[in-house]
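# Chains, contacts and geometry: an overview
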Amino acid sequence: MKRSHFFRTPRRAALALTALALALPSALSAVTGSMGLVSPAAAQETQKADTARIVVIGGALTEIVYALGEERRLIARDSTSTYPEAAMSLPDVGYMRALSPEGVLGVDPSAILAIEGSGPPDALAVLKNAGVPFTTVPEGYDRAAILNKIAVVGDFLGVPDKAQALADTVGADLDKAVADAARRPEGERKRVLFILSFQDGKIMAAGAHTAADGILRLAGAVNATDAAFPGYKAMSDEAIVEAKPDAIMVMARGGHDDSDEQLLAHPAIALTPAAATKSVIRMNGLQLLGFGPRTASAIRDLNDRLYGKANVSQ
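In this numbering scheme, every chain counts its residues from 1 along its sequence in written order. Given that the model is predicted, a residue must reach a pLDDT of at least 70 before its local features are reported, and side-chain atom pairs must reach 80 or more before they are shown or counted; all residues, however, enter totals for whole chains, interfaces and linings. Calculation of side-chain values draws on the structure's entire complement of heavy atoms; hydrogens and water are dropped beforehand.

Below, the discussion takes up the sheet that holds strand E4 (residues 134–137). Neighbouring strands of a sheet are bound in pairs by backbone hydrogen bonds; such pairs are parallel or else antiparallel. A pair of strands is treated as paired once DSSP finds two or more bridges between them. Counting from the N terminus, the helices are the DSSP runs of H or I reaching at least four residues and the strands are the DSSP runs of E reaching at least two. Taking strand neighbours across the sheet as the criterion, the four strands line up as E2-E1-E3-E4 in an open arrangement whose pairing is parallel. The open sheet has two edge strands with one neighbour each: strand E2 (74–77) and E4. Here the average twist between neighbouring strands, direction ignored, is 20°. In this sheet, E2 lies alongside strand E1 (residues 54–57) in parallel orientation, the contact comprising three bridges. Residue pairing for E2: valine 56 is matched across the bridge by arginine 77. Of the strands in this sheet, E1, strand E3 (111–115) and E4 touch helix H7 (residues 143–157), which is tilted by about 175° from E3. Axes here refer to lines fitted to C-alpha atoms; in helices the fit is confined to the stretch in contact. Angles between the N-to-C directions go from 0 to 180 degrees. In what follows, a contact means two residues having at least one pair of non-hydrogen atoms within 4.5 Å.

In C-alpha cells, the structure reads:
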C-alpha cells in the first residue's frame, strides 16, 4: 500500500490534528495526557509567539501596527484593513467575520492577531487549534478600549515602550477632541440616526452598545434610537418617525451606495427633521467606527459636519 501524500507538509499535518481535536476532544485529551504530549492549543498558550510573520485581522489593529512602525512583520491583512494605503498591497485573507482557515493559514503565518468579534466561530476554532499562536484583542468603543488595543498589540509585538508612547499621544489627542465636543450644551446636541444598511426600503440602524453609538456620544451628538434598542437592528417606519433625527449618518462605501436623495425619499425618513434640512453625513467606516489611532480625528470631523467649525461659547 502506498503512503498517503496528505501528511507530507507540516501544515497539512497540523490541520489533520485540528480536525481530530475538534471531532474527538475528550479522546484526544486522554491520549495526549497518557503519552505526556501537549495539544497544539495548549502549546500556543505557553509558547511565546514568533511575530516575524503575522496576519492581522481588524482594521484598527493594522493601523496600530503601522503607527508603531512594525509593519515589516505583516504578511497579510483582512478586508477591513484599508488604512494606511500601504496596507492595501498586502494579501487579503477575507472579511473579518467570514474568515476561511485555509485562506489565513495558506500564507504561512508565524502568529495571528485578531480583533474580538472576528469569525465565524468554527473558523476561529480551527485557527486556534492549528499550532499557530493566536491572540485576540478585546473590542470596545471608548477611550479606554482604544488605549488597551494599543497596549495589547505592543505586548504582542514585544515593543511595550513604543506602545506606551503611542498610547500617550493618542490619549492626549482623544482627551482634547472629546473635551471640545463636550462643551456643546445638551439642548443644542443633534439627534443622529446611523443607518448600517438600506435595502429594499428596510433600514438597519445602530442602537446602544455599538461603535456608531460610541462615536456619536464622543462627538457631542445623540443617538436617535431609543436606549432600549441594542445592537444593529431593523427599524420600523413608525420608530424612525418617532426618533426625529436631525441628521442621517451612513458609511461611505463606494459607487454602490444609495444617493442622499434616495435616503431622504424613504417614506419614514421623509417625515423627519433630517429630510427637511437634507442632512446626510457620509464618512469612512474604518475611521469612524474602528476605534483606533484616528478616532480623535473622526470625532472632530463628525462634530464639524454636524455643527460647523464655529467654536462653542465657553
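Now that the structure has been shown, we can carry on.
Think of a salt bridge as a Lys or Arg side-chain nitrogen and an Asp or Glu carboxyl oxygen that are within 4 Å of each other. In this structure the tally under the stated criterion is 14 salt bridges. In this structure, glutamate 70 and arginine 73 form a salt bridge, with 2.9 Å as the shortest nitrogen-oxygen distance. As far as burial versus exposure is concerned, glutamate 70 and arginine 73 are alike and both buried. Across the pair arginine 305 and aspartate 301 runs a salt bridge whose closest N-O atoms are separated by 3.0 Å. In this pair, arginine 305 and aspartate 301 are both assigned in helix H14 (residues 295–307), four residues apart and thus about one turn of the helix distant. Overall, the relative accessible area of 23% leaves aspartate 301 in the partly exposed class. Salt bridges here are not isolated pairs; linked through shared partners, they connect Glu70, Arg72, Arg73 and Lys162. Relative accessibility thresholds used throughout: buried, under 20% of the residue-type maximum; exposed, over 50%; partly exposed, between the two (1.4 Å probe, protein chains only).

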